[in-house]
Amino acid sequence: MTDPLRSEATDLATLRRLIDETLDGLAWPVPFDLDALLEQISARRGKRISLYPAPLPRDGAGGLVIERAKDLVIVFDETLPPLQQEHVIMHEAAHVLFEHRGTSLEDLTDDAMTELEPELVETAQRFAQRDGYSGVEEKVAEIAAALMWLRAGAARSMVPVPNRPRAVADANARFVAALMNRKADS
């Protein structure tokens, strides 16, 4: 039987349900902790996940996964804004979680490497653009990243807002009131 998470024929509602079921099996720490999430995914895959920030070309992907013998490296564009970096990391972590086969060092070189060289990252990115994940795998990773964001946001919203000085709280209240009045006038 064909895996519905790998089939072009699977509809979006089914993909979302199956992805949700997988994500429900993970703990969502409050406050949200990306490292804790990656540790859980790492434990499921049986390989350590490392993050490697690097400046990636603007015309390429914002991130990629390189699988090495003992670990997985998520390369992400360090020039992106922090929240976009987090989304890219979640997208790439979804590829790892759902065991998509992307780029491996065997695809790129026969050399035993202990560190990632900038040339290797560039080669991996070019390879991933040519022969990366399937369309379904990209769809699954993007849906999963969006659902991870929802869970992370829920975990973040459970964290009590720190006490703000009275002047800041008053300014915030005036700002909200001004916005509400402006909407009412429109």
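J.: Mind showing me how you'd approach the overall build of the protein chain here?
T.: When helices and strands are tallied, the protein chain shows seven helices and four strands. The helix and strand sequence of the protein chain, counted from the amino end, reads α-α-β-β-β-α-β-α-α-α-α. Classification of the 186 residues of the protein chain by burial places 39% in the buried group. A fraction of 63% describes how many contacts in the protein chain between residues 6 or more apart in sequence connect residues 24 or more apart. Within the structure as shown, the protein chain displays about 11,100 Å² of accessible surface, and the carbon and sulfur contribution to it stands at 54%.

J.: What's the story with the packing of helix α2 (residues 34-45) against helix α3 (residues 82-97) in this structure? I'm lost.
T.: Helix-helix packing is described using two parameters, namely the angle between the two axes and the distance between the axes. In the contact formed by α2 and α3, the axes pass within 10 Å of each other and the chain directions differ by 15°. The angle between α2 and α3 places the two elements in the roughly parallel class. Relative to α3, α2 is oriented so that their crossing is left-handed. Here α2 contributes Leu 34, Leu 38, Ile 41, Arg 44 and Arg 45 to the contact with α3, which in turn contributes Glu 86, Ile 89, Met 90, Ala 93, Val 96 and Leu 97. Of the residues assigned to the contact of α2 with α3, the class counts are eight nonpolar, no polar and three charged.

J.: Help me out: how do you make sense of α3 in this one?
T.: Residues spaced three or four apart along an α-helix point in a common direction, a consequence of the helix completing one turn every 3.6 residues. Between its terminal C-alpha atoms α3 stretches 22 Å, which fits the 22 Å expected from 16 residues at 1.5 Å a residue. A large share of α3 lies buried, amounting to 12 of its 16 residues. All buried positions along α3 are accounted for by Gln 85, Glu 86, Val 88, Ile 89, Met 90, His 91, Glu 92, Ala 93, Ala 94, His 95, Val 96 and Leu 97. Positive phi appears at Glu 99, one or two residues downstream of α3, with a value of about 55°.

J.: Just checking my understanding: could you explain α2 for this structure?
T.: The end-to-end C-alpha separation of α2 is 17 Å, in line with the 16 Å expected for 12 residues at 1.5 Å each. Along α2, the residues that are buried comprise Leu 34, Leu 37, Leu 38, Ile 41 and Ser 42. Buried residues of α2 fall within an arc of 140° about the axis and therefore sit on the same side. Of the exposed residues in α2, those oriented more than 90 degrees away from the buried face are Glu 39 and Ala 43. Between the side-chain oxygen at the start of α2 and the backbone nitrogen of Asp 35 there is a gap of 2.9 Å, and the oxygen is on Asp 33. Count one or two residues on from α2 and you reach Gly 46, which has phi positive near 75°.

J.: Even after reading the chapter, I still don't get the pattern of salt bridges, so can you show me in this structure?
T.: One pass over the structure, following the stated rule, counts 10 salt bridges. Linking Arg 17 and Glu 21 is a salt bridge whose minimum nitrogen-to-oxygen distance equals 3.1 Å. Of this pair, Arg 17 and Glu 21 both sit in helix α1 (residues 12-24), separated by four residues, roughly a single helical turn. The residue Asp 71 makes a salt bridge to Arg 48 at a minimum N-O spacing of 3.4 Å. Of this pair, Asp 71 sits in strand β3 (residues 71-77) while Arg 48 sits in strand β1 (residues 48-54), placing them 23 residues apart in sequence. You can call Arg 48 exposed: its relative accessible area is 52%.

J.: Where do I start with the nonpolar core in this structure?
T.: One broad trend across soluble globular proteins is that nonpolar side chains are buried collectively. In terms of nonpolar packing, the biggest core is built from 36 residues, with Ile 19, Leu 23, Phe 32, Leu 37, Ile 41, Phe 98 and Met 148 touching the most fellow members. Secondary-structure elements contributing two or more residues to this core are α1, α2, β3, α3 and α6 (135-157). At 10 residues, the largest contribution of residues to this core is made by α6. With sequence-adjacent residues up to four places away left out, Phe 98 is seen in contact with Leu 5, Arg 6, Ile 19, Thr 22, Val 140 and Ala 144. Listed in part, the six residues of the second largest apolar core include Ala 54, Leu 56, Leu 64 and Val 73.

J.: Looking at this structure, how should I read the packing of aromatic side chains?
T.: Each aromatic ring pair is specified by the distance between its two centres and by the angle formed by the two planes. For the coordinates displayed, the defined rule picks out one aromatic pair. Aromatic side chains Trp 28 and Phe 32 sit 6.2 Å apart centroid to centroid with 20° between the ring planes, which places their arrangement in the stacked category. According to the relative accessible area criterion, Trp 28 is buried, its value standing at 18%.

Rules of the game
Residues numbered from 1 in each chain as written. Predicted model: local features only at pLDDT ≥ 70, side-chain atom pairs only at ≥ 80, totals over all residues. Heavy atoms only, no water. Helix = DSSP H or I, 4+ residues; strand = E, 2+ residues; numbered from the N terminus. Buried < 20%, exposed > 50% of the residue type's maximum accessible area, 1.4 Å probe, protein only. Contact = heavy atoms within 4.5 Å. Areas by Shrake-Rupley, 256 points an atom, 1.4 Å probe, with all protein chains shown as cover. Axes fitted to C-alpha atoms, helices over the stretch in contact; angles between N-to-C directions. Parallel < 35°, antiparallel > 145°, perpendicular 65-115°, else oblique. Left-handed = near helix turned anticlockwise from the far one by under 90°. Nonpolar A, V, L, I, M, F, W, Y, C, P; charged D, E, K, R; others polar. Expected span 1.5 Å × (residues − 1). Arc of directions from axis to C-beta. Polar contact = N/O pair within 3.5 Å; in protein donor to acceptor, adjacent residues only side chain to side chain. Salt bridge = Lys/Arg side-chain N within 4 Å of Asp/Glu carboxyl O. Core = buried A, V, L, I, M, F, W, Y, C linked by side-chain atoms within 4.5 Å. Phe/Tyr/Trp six-rings, centres within 6.5 Å; stacked < 30°, edge-to-face > 60°.

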